[in-house]
Structure formats: structure tokens, C-alpha cells
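Structural characterization, general
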Amino acid sequence: MTTTVITNIGNLVTNDPDRGTGPLGQIQDAAVVVDDATGTVAWVGPAAEAPAADAAHDAEGRAAIPGFVDSHSHLVFAGDRTQEFNARMEGRSYEAGGIRTTVRATRAATDEELEANLVRHLDEALRQGTTTFETKSGYGLTTEDEARALRIASAHTDEVTYLGAHIVSPDYAEDPAAYVDLVTGEMLDACAPYARWVDVFCENGAFDGDQARAILTAGQAKGLMARVHANQLTYGPGVQLAVELDAASADHCTHLTDEDVAALASGNTVATLLPGAEFSTRAQWPDARRLLDAGVTVALSTDCNPGSSYTSSMPFCLALAVRDMRMTPDEALWSATAGGAQALRRTDVGRLAPGARADLALLDAPSHVHLAYRPGVPLVSRVWRRGRAVR
Ligand code: NIG
Ligand code: FE
């Protein structure tokens, strides 16, 4: 086995409490040894105790963290919605109907254009430390356009989500029930081979609780696992439905009753908070503190999409979560890495321990706390994905 050691790491977050101190399993003056052939971690610990390796990278005292796990994005799209953003900043409110603008642009784009746009955003995210990402369809809303979005996405990630139920297709405005039949029938059949997950936007102006249940259970019957856009713009049934169906994640969770919080605390469904959306829609912040204090597992993700949250930056979302959602820097870092992994039901990413993927980001900083303490500063200086230096 040939190995590479990344050594002289001033402060390393492993997310493995057995290996280091505190809930983040931090190690001072650390090293990580990578098995080059598998791209996995072979050894983690104090640099002074590291086994000999074939090659070495000197981190020169920088901090290192597991690569970010962005468990919620919408990156197969064309066009942009600058005008809509401008209108919001002049006081208009965000509406799900804006999605139709992106549907028109996406349908008109070629496969090559969609893929180039996806790759551009992935590269942007990678430069900011994201090594695992999920992405969705949802801007095609025909069988062909949804299946092609998922086919394009699946060439770039294993975490692909079928979101034919983003909104009712404009072609079915007069007959939403027929659109639900399409999403749970022919469109699902065409999309399932490319996807791991099924999702639905359960919201006023999108799909109600009964429709959402039909869509999620049809996807589950086809072998997809569920995740739900829930309780973003208003209170509603999404969160409790997600827990009832054992969805891996209920995403947004901005408007929650005490019953919603209790349901999340009782089940295996992660609450994925997307502060980029509240930032860009000037909406109320989700209350991360309330969820954490109730014992709910919280993930942080970008929701990167051209409408409600056009940021690919996990460090930006983490800073918002600390400043405005009452998370500590440690909690936010965990949620953006291990939390995202749990929201994707993955154990091989989001932590740095033997056997896990060697996905890590070096920070031009003494610790991960600087991600929130120095918002907007490009602190990610180098990124390894599956053991390869990619930035
Ligand atoms: O997660 N909530 C629904 N979907 C996206 C917004 C998509 C759009 O506006 O284009 C979201 O915020
Ligand atoms: Fe979303």
C-alpha cells in the first residue's frame, strides 16, 4: 500500500469523539495518513506518532476539517433570476411560483449547457471545501426533462434526488391531480434508475400533505429513499410526514410547532437547515437552538439554486447559522459535515477516521472557528477528495 501523510495540522477536527477531544474529536498537532489506492484514511492521530508514509504534505500549522457535506442543492438548471432577487430586495416576497422562470430556461437548454452549468457550480463549491454534495431535478417537470436532469447529475454525484414534485408543472395548472399521477407513474419510472432519493416540496402553492404522501410512498415503493422540503414558507404537514415515512431529512424547517419539534426528536429524520434561503428571501431564521435543545439532529446545507438561495458556499451558511440561528461554531461545523452525512444516511463521509473517505479541507486559520469569526474570507486553502488534492 502506498500512503501520503498530511502532517503538521495545527488543529484537526475528526468528528470522532473517541479519537480526540470534545464532540468534534479535535487533535492538536495532528496528521492524517491516506491510503492512496483507495482514497481512504489509513491513520489519524498526533503527528509525532504518525507511521512512515511514501509522500508528505506539510500543512504548516493550518487547521483541517472533514470536507463539507452539502446534502441539499438544486444545481441542474439554466438561467438566473437576478430580477426576482432585485424585486425582493425592494420588498417583494418570495413565492414558489418563481420556480417557473427556471423551468422555462432549463427546458430550453441543451444537455451540454446544463452539464457545464452544473460543473461550474460544483467547482465553485469544491473551492470552498465541499467534497460531497446532493443535487436534485425539479426544473424540468416533464418526464424527459426530469430524467435528463437526473442523468446529467448522476455523472457527477451518487446523491441524486428525484424532485419531479417541485411545483405542479405549468402544463398541468388546470389538473394538478393528473400531474401527481404523472410524477408517481411514468415520470417516476423514467427517473428512478438515476436517483437514490425522492423529494417533494410540501407547501402552499406546491403540494399538500396528501399529495406529498402519495409522491413519497410511490418513490419508496420504487426503492428510493425519502427526503422532504418541509415547513419552509408556512407551517404545514411536511415535517411530521417526513418523520412518519422515516425520511432521511426534513429540509428547511423554518416554521415549526412544538409538535413538529417533538416529532423530529422522536425519529431518525435529520432537520436540515438552509440559512442561505432565509438570507436571500429576507425571511425569518430557522431556530437551530430550539431544535438542538430538543435533541434533534441538525444538518446545514446551501440549498444552492437560482431562486431562493444562490450560494454554493458552506462557509457562508455556517457563518449565518452561528450569527443568526444561535448555533455555536462547533455545532455549525458538525452540522455542515457529520450532520450532512447523516442527512444522506452516509457513514463514510463527514468524519476523518480509518476507513472513511480521505475528504478534507485545509483552512488558512488556527481552527474551524474562524469560518464564522471571519465571514466572507476565503479561508479554504487546499482540498483533498478521496485522497487526491483537488484544489
Ligand atoms: O428549496 N423550496 C423549494 N425549492 C427551492 C427553491 C427553488 C427556486 O426558487 O427555484 C428551495 O428553496
Ligand atoms: Fe431546496
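Residues numbered from 1 in each chain as written. Chains lettered and ligands numbered in written order. Predicted model: local features only at pLDDT ≥ 70, side-chain atom pairs only at ≥ 80, totals over all residues.

Counting 127 residues, the largest nonpolar core has Val228, Leu318 and Ala321 as the members making the most contacts within it. Domain assignment of the residues forming this core places at least three in each of domain 1 (3–67 + 350–389) and domain 2 (69–343). Apart from residues no more than four positions distant in its own chain, alanine 321 is found in contact with Leu273, Pro275, Ala288, Leu300, Met327 and Ala332. (Core = buried A, V, L, I, M, F, W, Y, C linked by C-beta atoms within 7 Å. Buried ≥ 20, exposed ≤ 12 C-beta atoms within 10 Å, placed from the backbone. Domains from an automatic or database assignment. Contact = placed C-beta atoms within 7 Å.)

All right, on to the UniProt feature "binding site: N-formimidoyl-L-glutamate" (unreviewed entry) in the chain then. UniProt feature "binding site: N-formimidoyl-L-glutamate" (unreviewed entry): in the numbering of this structure it lies at Tyr139, Asn305 and Gly307. Spanning 169 residues, the named residues form one tight spatial group whose C-alpha atoms are at most 11.3 Å apart. Checked against the element boundaries, tyrosine 139 lands in the loop between strand S7 (130–136) and helix H4 (143–154). Its 31 C-beta neighbours within 10 Å are what place tyrosine 139 among the buried residues. Excluding anything up to four places from it in sequence, tyrosine 139 contacts Val76, Phe77, Thr102, Val103, Thr106 and Ala149. Looking at the element boundaries, asparagine 305 is found in the loop between strand S13 (298–300) and helix H12 (314–324). For asparagine 305, a count of 28 C-beta atoms within 10 Å puts it in the buried group. The residues touching asparagine 305, leaving out its near neighbours within four places in the chain, are His74, Phe77 and Tyr310. (UniProt positions renumbered as here; feature names shortened; annotations may be inferred. Helix = DSSP H or I, 4+ residues; strand = E, 2+ residues; numbered from the N terminus.)

On to helix H2 (residues 99–108), then. Of all the residues in H2, the buried ones are Ile99, Thr102, Val103 and Thr106. Taken around the axis of H2, the buried residues stretch over an arc of 105 degrees, which confines them to a single face. Residues of H2 that are buried in the fold lie against helix H3 (111–127) and H4. (Arc of directions from axis to C-beta.)

What follows concerns the site of ligand 1. Inspection of the region around ligand 1 gives 14 residues, with Ile99, Phe201, Asn305, Gly307 and Ser308 positioned closest. Of the residues belonging to the shell around ligand 1, the class tally is 4 nonpolar, 9 polar and 1 charged. (Near = placed C-beta within 6 Å. Nonpolar A, V, L, I, M, F, W, Y, C, P; charged D, E, K, R; others polar.)

This brings us to the environment of serine 313. Mapped onto the fold, serine 313 is located in the loop between S13 and H12. Take serine 313: there are 23 C-beta atoms within 10 Å of it, and that puts it in the buried class. For the pair serine 313 and serine 137, spaced 176 residues apart in the sequence, the C-alpha separation amounts to 20 Å. Dropping the residues within four chain positions of it, serine 313 is found in contact with Gln128 and Thr302.

A few words now on the confidence of the model for the chain. Confidence in the prediction of the chain, expressed as mean pLDDT, is 97, and 100% of residues score 70 or more. On the interface metric, ipTM, the complex scores 0.96, and its pTM is 0.98. (pLDDT = per-residue confidence, 0-100.)

As far as domains go, the chain holds domain 1 (3–67 + 350–389) and domain 2 (69–343). Measuring from the centre of the C-alpha atoms in domain 1 to the corresponding centre in domain 2 gives 29 Å. Domain 1 puts 20 residues into the contact, and the matching count from domain 2 is 22 residues. Within the residue set of the side of domain 1 that touches domain 2, elements represented by two or more residues are strand S5 (63–66), helix H14 (370–373) and strand S15 (380–385). The element that contributes the greatest number of residues to the side of domain 1 that touches domain 2 is S15, accounting for 3 residues. Residues belonging to the side of domain 1 that touches domain 2 are distributed by class as follows: 13 nonpolar, 4 polar and 3 charged.

Here we come to H12. Owing to its 3.6 residues per turn, the α-helix aligns residues three or four sequence positions apart on the same side. Burial analysis of H12 places 8 of its 11 residues in the buried class, the great majority of the element. By the burial criterion, the buried members of H12 are Met314, Pro315, Cys317, Leu318, Ala319, Leu320, Ala321 and Val322.

Our next topic: the UniProt feature "binding site: 4-imidazolone-5-propanoate" (unreviewed entry) in the chain. Here, the residues flagged by UniProt with the feature "binding site: 4-imidazolone-5-propanoate" (unreviewed entry) are Arg81, Tyr139, His166, Gln232 and Ser308. The class of glutamine 232 is buried, set by 26 C-beta atoms lying within 10 Å.

Let's shift gears to unusual backbone geometry. Here the phi dihedral of arginine 282 falls at roughly 50 degrees; this positive angle occurs in a residue that is not glycine. Judged by local crowding, arginine 282 falls into the exposed class, with 12 C-beta atoms found within 10 Å. Phi is positive for aspartate 303, close to 60 degrees, though the residue is something other than glycine. Structurally, aspartate 303 can be placed in the loop between S13 and H12.

With that out of the way, let us pick up the sheet that holds S7. Sheet architecture is open: 8 strands sit in the order S6-S7-S8-S9-S10-S11-S12-S13, paired in parallel fashion. Each of the sheet's edge strands pairs with one partner strand only, and the pair in question is strand S6 (68–70) and S13. When the angles between neighbouring strand axes are averaged without regard to direction, this sheet yields 25 degrees. Pairing geometry for strand S12 (residues 270–273) and S13, over 3 bridges, is parallel. Note on S13: the bridge partner recorded for leucine 273 is leucine 300. This element, helix H7 (residues 209–221), spans strand S8 (159–165), strand S9 (197–202) and strand S10 (225–230) of the sheet and lies at about 175 degrees to S9. (Pairing = 2+ DSSP bridges. Axes fitted to C-alpha atoms, helices over the stretch in contact; angles between N-to-C directions.)

Let us look at the pairing of S9. Across the 6 residues that make up S9, a large majority, 6, are buried. Sheet analysis places S8 next to S9, joined by 3 bridges and oriented parallel. If you follow alanine 165 over to S9, its bridge partner there is valine 200. Relative to S10, S9 is paired through 4 bridges, and the arrangement is parallel. If you follow valine 198 over to S10, its bridge partner there is alanine 226. Once the chain exits S9 it traverses H7 before rejoining the sheet at S10, and the crossover so formed is right-handed. (Right-handed = clockwise from strand over helix to strand, strands pointing away.)

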